[in-house]
Amino acid sequence: MDNHDHNKHDHKKDDGPVGLAGHKHSPDPATRKAELLREGEFYRAGVTYAKAQVKHGARPEVMLHSALDHATWALRARADALLKPTGTSISVLMPYALTAFNFVRQRRMGKQAVAGAVLAGVVGWYMKRKRAQQGY
């Protein structure tokens, strides 16, 4: 079963000149010259575009935005991993969290809300500790 005629990557026979993208060039010299010039234009445009992308990406505000996007993604992935056992995710909880946040902000109850959150955290920690002691 050494029949490799169906393999398009098998280059045993030479069908003529091939371009950068693997396409065949025309055998006519004038047409081939036009094809090569067009390929050169596309190549130069690609290089110019790549340079512009690098220059844009090196700007401080773009780098900061990229870093913030990465940090946000990492935090969300971590939060989703923590919430996975409960069967929920950040995208499900976020509308409720924003509603609660706006309610607290409009009523100017920020200090009370933070105190309540700290108190709930302490109670949760105490209950977890007490459950762990009963298990041993």
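Structure: see above.
In this report, we go over the structure that sits alongside the text. (Residues numbered from 1 in each chain as written. Predicted model: local features only at pLDDT ≥ 70, side-chain atom pairs only at ≥ 80, totals over all residues. Heavy atoms only, no water.)

## Things to note about the overall build of the protein
For the record, the criterion: Strands here are runs of E lasting at least two residues and helices are runs of H or I lasting at least four, both read from the DSSP assignment and numbered beginning at the N terminus. Each residue gets one of three labels from its accessible area relative to the maximum for its type: buried under 20%, exposed over 50%, partly exposed in between, using a 1.4 Å probe on protein chains only. By the convention used here, residues are in contact when the closest approach between their heavy atoms is within 4.5 Å. Residue exposure ignores everything except the shown protein chains as possible cover, and the areas themselves are Shrake-Rupley values with a 1.4 Å probe.
Of regular secondary structure, the protein possesses four helices and zero strands. Listing each helix as α and each strand as β along the protein from the N terminus yields α-α-α-α. Here the protein holds 136 residues, and 7% of them are scored as buried. Here the analysis covers contacts within the protein between residues at least 6 apart in sequence; of these, 0% occur between residues at least 24 apart. Element-wise, carbon and sulfur atoms account for 63% of the exposed surface of the protein, whose accessible area totals about 12600 Å².

## Looking at unusual backbone geometry
The phi dihedral of Arg 108 falls on the positive side, at around 55°, and the residue is not glycine. Judged by relative accessible area, Arg 108 falls into the exposed class, the value being 76%.

## What to know about helix α3 (residues 90-106)
Using the following cut-off: For a helix, the expected span equals 1.5 Å multiplied by the residue count minus one.
With 17 residues, α3 should reach 24 Å at 1.5 Å per residue; the first-to-last C-alpha distance of 23 Å fits that figure. Arg 108, located one to two residues past α3, shows a positive phi value of around 55°.

Geometric values such as these leave the question of function open.
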